[in-house]
Protein chains: 2
Amino acid sequence: MAGTGVTYAPRPVADQLSLRRSNLSLVLRHLDASGPLSRARLAQATGLTKATVSSLVAELAERGLVREGDVERGAVGRPGHQVQMNGPGACGIGIELNVDYVASVVVDLAGRVVASDHLALPASRLGPDAVLDEVARVADAALAVVAAESSHAAGVTLALPGGVDATEGTLTYAPNLGWREVAVVAALAERLGDRDVPVRVDNEANLAALGEYRAGAAAGTPDLLLLTGEVGVGGGVISGGRLLRGGRGYGGEVGHMQLDPHGDECGCGRRGCWETLAGLTPLMRAAAGPGDDLLDPTVPLEHRLTELSRRAEAGDARTLAALAQVGSWLGLGAALLVNVLNPTVLVLGGYFATLGPWLTEPVRRQLTERVVAPGAGGCRVQLSTLGFAAAVRGGAQVALDAVLDDPTIVSGPVTASRPMSTAGA
Amino acid sequence: MAGTGVTYAPRPVADQLSLRRSNLSLVLRHLDASGPLSRARLAQATGLTKATVSSLVAELAERGLVREGDVERGAVGRPGHQVQMNGPGACGIGIELNVDYVASVVVDLAGRVVASDHLALPASRLGPDAVLDEVARVADAALAVVAAESSHAAGVTLALPGGVDATEGTLTYAPNLGWREVAVVAALAERLGDRDVPVRVDNEANLAALGEYRAGAAAGTPDLLLLTGEVGVGGGVISGGRLLRGGRGYGGEVGHMQLDPHGDECGCGRRGCWETLAGLTPLMRAAAGPGDDLLDPTVPLEHRLTELSRRAEAGDARTLAALAQVGSWLGLGAALLVNVLNPTVLVLGGYFATLGPWLTEPVRRQLTERVVAPGAGGCRVQLSTLGFAAAVRGGAQVALDAVLDDPTIVSGPVTASRPMSTAGA
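Note that the structure is predicted; figures quoted are calculated from it, not measured. (Residues numbered from 1 in each chain as written. Chains lettered and ligands numbered in written order. Predicted model: local features only at pLDDT ≥ 70, side-chain atom pairs only at ≥ 80, totals over all residues.)

What about the overall build of chain A?
- What chain A contains, in helices and strands, is 13 helices and 16 strands.
- Against the compact-globule benchmark of 22 Å for 425 residues, chain A has a radius of gyration of 23 Å, which places it among compact chains.
- The buried share of chain A, reckoned over its 425 residues, is 54%.
- Taking all contacts inside chain A whose residues are at least 6 apart in sequence as the whole, residues at least 24 apart take part in 63%. (Helix = DSSP H or I, 4+ residues; strand = E, 2+ residues; numbered from the N terminus. Rg over C-alpha atoms; globule rule 2.2 N^0.38 Å. Buried ≥ 20, exposed ≤ 12 C-beta atoms within 10 Å, placed from the backbone. Contact = placed C-beta atoms within 7 Å.)

Here it is, written out as structure tokens:
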């Protein structure tokens, strides 16, 4: 007997109507997690009767969310059709607005990436109004893709590089954009006008953590820490299978942990922040010689990262020393977080993944040395395979999760000619 | 539309039997959270029909978990009896084993402390076998109290000062006890022999956080961070209403965060750990003059803390400077954690609470300066009112939560003559 995963608040109501909704969700989530299953196996897995499962599957099929799959020939019983997620039944849209680009992805219920887009945009120079006009255009294009697929748009989730009050739907602060207190959800919903689609917002690293949790190399690991290197250092925490958001949704702010009281001044005005030790700027500064292109802000970041990797591969001593030093500071902060959070996997994303071949070892070494629990508390280190696309992927998934949680928000098959809507959401 | 509290794993099965169990739990948790309620109000609050609520209440009463309360005279309708938790229906037992004491508490379903005990024990000098014999005796005494109350023993939870694998029921490491890899749950269950009572184990700071969450001044705050000063610095995190345990249950290890790379060596062999900056030892060292009793390990800690408070109250400059310095380091580490976790409340426990009058302000100042989100992300600072009793309180609650989660583990009223059991658990 062990385990103390207790909750305090009474759980949601479970009357007959919500029981049906909850069972529809249960079946859909099982299919989502396990892939195609026969009704018999679904019954086994959920503990529901076969008759109930058949009725639930029929309703899900009517709503366009599942479909008949291949015939399963098991060891016992009659062969039966498997049931599987119907990808085109619904799509989620994730959009990321960052300092110099807008990116988007459309993901269907089966996890297929239906479309993706990436567009350079000097967001920090334009004001919120002009930028949100552009974001709305990107959302419009994504919604058009969903309509062309005769699918339901389950929602649009916007990922932002800053502190987000997700409940209020506002961006509170985004130093790198120069924005404060922008009611982004209201602004975007207004721009999308009669397209009655749910709009949500969250911090980019939080959504990237969700993306990794749902579609990354460590998908399904309930205790996962994502550390992502972009202009700053971002963090997203999945704890017990849920995104750790904190009381106001500001959780995962790791870039300004003070790790060296005698360290350099940070752009935030404080001293010795993690970003000043393990961020892109200190890496480039340590790696660059005099007049080096690595420090030229007019050269696109990808090109500078490619050049850095090339030098590291060629065995350049200055580059390797810079990577070892930044990797060590990255590992030191990671070890601190691993002590607090005890994740099963630490995913390195953004440019930490790009430079993973040189950063992973120093990070592992610090975890081994500095995590108090034996064997780094069981934490392994993995590189993101989603890279910079993790946040949009997580955003799309947030929209799809609304369908998985309550399949009745999708009313049934739509045709291309019918106006797209979230149908009773 | 906002909020991304999604989960990945399919939720538990909801067939008719588990629905009944879940509704019994729902009603019991509502009464637990709200206090006495009429059946009509319970129906309103849960969304269940009045007939269902009456049937559920009847079953809970039969199991001895609720009872009729005062007559409620509302504005409308006939006056009716309220239903309330029946305290003696079940009791939870929390036991804390620390470096120099064993403490225990028996708490009933209504939150009443039925009994408590505190016993000096040089645990770090005796081996695990002798100490666990003593713990078993304390558990036995607590079980006798429960039996004398004609109550059900819902379980015993042991709080330990170290890394605990709660799933396996083992203490992995406890530097201050000098223990490694002790299968405490098995050892204690064996000593309790035919007393068929569930035994659980967890880290003391985790359980203290649960204690604060359930019975402290900030009870019910879903995002709560507890920092407790004892021999080391302990941390416990409640996130979204659940204890953050991490993949193997090692979460909340905050004492060895490296906050000063140039700092003093720590007992753990590392350098600049938080404990070396905000722990009891650096505080006493900074506050003490030459040959000062504050540094005498033979003087009980309570006496030394009382003396320190006396000096601070008297305005002694050295003492006040030491408290300001330690408070500042405490706040610096707290700010880092508040950035990562965004708690709504930071509870200071253990001797941080005892010395709260002098530590709170420097902590608040650091939060204001160092938390990136505006207004410290909404985090307020409170002193624990449970103090050193928080861990045993949390332990008792973990046992009681098993009943709140599944009231059917209690089979019905017991009499003093019937052997105590967890009846079908």
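Remarks on helix α9 (residues 301-313) of chain B
- For α9 of chain B, spanning 13 residues, the distance from its first C-alpha to its last is 18 Å, which sits close to the expected 18 Å at 1.5 Å a residue.
- Downstream of α9 of chain B by a residue or two, Gly 315 of chain B has a phi angle that is positive, lying close to 80°. (Expected span 1.5 Å × (residues − 1).)

Re the domain arrangement of chain A
- Along its sequence, chain A is carved into domain 1 (16-85), domain 2 (91-208 + 390-408) and domain 3 (220-385).
- The distance between the C-alpha centroids of domain 1 of chain A and domain 3 of chain A comes to 43 Å. (Domains from an automatic or database assignment.)

Overview of helix α12 (residues 356-370) of chain A
Residues and elements named next belong to chain A.
- For α12, spanning 15 residues, the distance from its first C-alpha to its last is 20 Å, which sits close to the expected 21 Å at 1.5 Å a residue.
- Within α12, burial applies to Leu 359, Thr 360, Val 363, Gln 366, Leu 367 and Arg 370. Buried residues along α12 cover an arc of 140° about the axis, so they all sit on one side.
- Lining the buried residues of α12 we find α10 (317-341), β15 (345-350), α11 (351-354) and β16 (380-383). (Arc of directions from axis to C-beta.)

A few points about the interface of chain B and chain A
- On the chain A side, the residues contacting the 82 residues of chain B number 81 residues.
- Of all the secondary structure elements, the ones that give two or more residues to the side of chain B that touches chain A are α1 (16-34), β9 (170-174), β11 (199-203), α6 (204-215), β13 (233-239), β14 (242-243), α10 (317-341) and α13 (390-405) of chain B.
- The element that contributes the greatest number of residues to the side of chain B that touches chain A is α1 of chain B, accounting for seven residues.

Things to note about the relation of the copies chain B and chain A
- Mapping chain B onto chain A calls for a screw motion: a turn of 180° about the axis and a shift of 0.0 Å along it, with 0.0 Å RMSD after fitting. Such a combination of rotation and displacement between the chain copies is what one expects of a two-fold axis.
- Mapped onto chain A, 99% of the interface residues of chain B are again interface residues, and the two copies thus contact each other with one and the same surface. (Least-squares fit on C-alpha atoms with pLDDT ≥ 70 in both.)

Here's the deal with the sheet that holds strand β9 (residues 170-174) of chain A
Residues and elements named next belong to chain A.
- The sheet built from three strands is open, its strands ordered β8-β9-β10 with antiparallel pairing. Two strands bound the open sheet, and with one partner strand each, they are β8 (163-165) and β10 (179-182). For this sheet, the mean inter-axis angle between neighbouring strands, taken without regard to orientation, is 20°.
- When β9 meets β10, the two strands line up antiparallel, connected through three bridges. Bridge pairing links Tyr 173 to Arg 180 in β10. (Pairing = 2+ DSSP bridges. Axes fitted to C-alpha atoms, helices over the stretch in contact; angles between N-to-C directions.)

Some points on the sheet that holds strand β4 (residues 90-98) of chain A
All names here are of chain A.
- Read from one edge to the other, the open sheet built from five strands follows the order β6-β5-β4-β7-β11, with strand pairing classed as mixed. Looking at strand neighbours, the two that pair on one side only are β6 (113-120) and β11 (199-203), the edges of this open sheet. Averaged over all neighbouring strand pairs, the angle between strand axes comes to 15°, with direction disregarded.
- Relative to strand β7 (residues 152-160), β4 is paired through seven bridges, and the arrangement is parallel. Looking at β7, one finds that Ile 93 is bridged to Val 156.
- Those strands touched by helix α13 (residues 390-405) are β4, β5 (101-108), β7 and β11, and its axis lies near 145° from that of β4.

What to know about the environment of Asp 296 of chain A
- Following the sequence through the fold, Asp 296 of chain A ends up in the loop between α8 (280-287) and α9 (301-313).
- Placed 12 residues apart in sequence, Asp 296 of chain A and Met 284 of chain A show a C-alpha to C-alpha distance of 9.9 Å.

Focus: the pairing of β6 of chain A
Residues and elements named next belong to chain A.
- Examined bridge by bridge, β5 and β6 share seven bridges and lie antiparallel to one another. The residue bridging Val 102 from the neighbouring strand is Leu 119, located in β6.
- What sits between β5 and β6 in their antiparallel hairpin is a turn of four residues, with Gly 111 showing a positive phi close to 85°.

Observations regarding the environment of Gly 216 of chain A
All names here are of chain A.
- Looking at where Gly 216 falls in the secondary structure, it is placed in the loop between α6 (204-215) and β12 (224-229).
- By the C-beta count within 10 Å, which is 28 here, Gly 216 ends up buried.
- Not counting residues up to four positions away in its chain, the partners in contact with Gly 216 are Gly 211, Val 347, Ser 384, Thr 385, Leu 386 and Ala 390.

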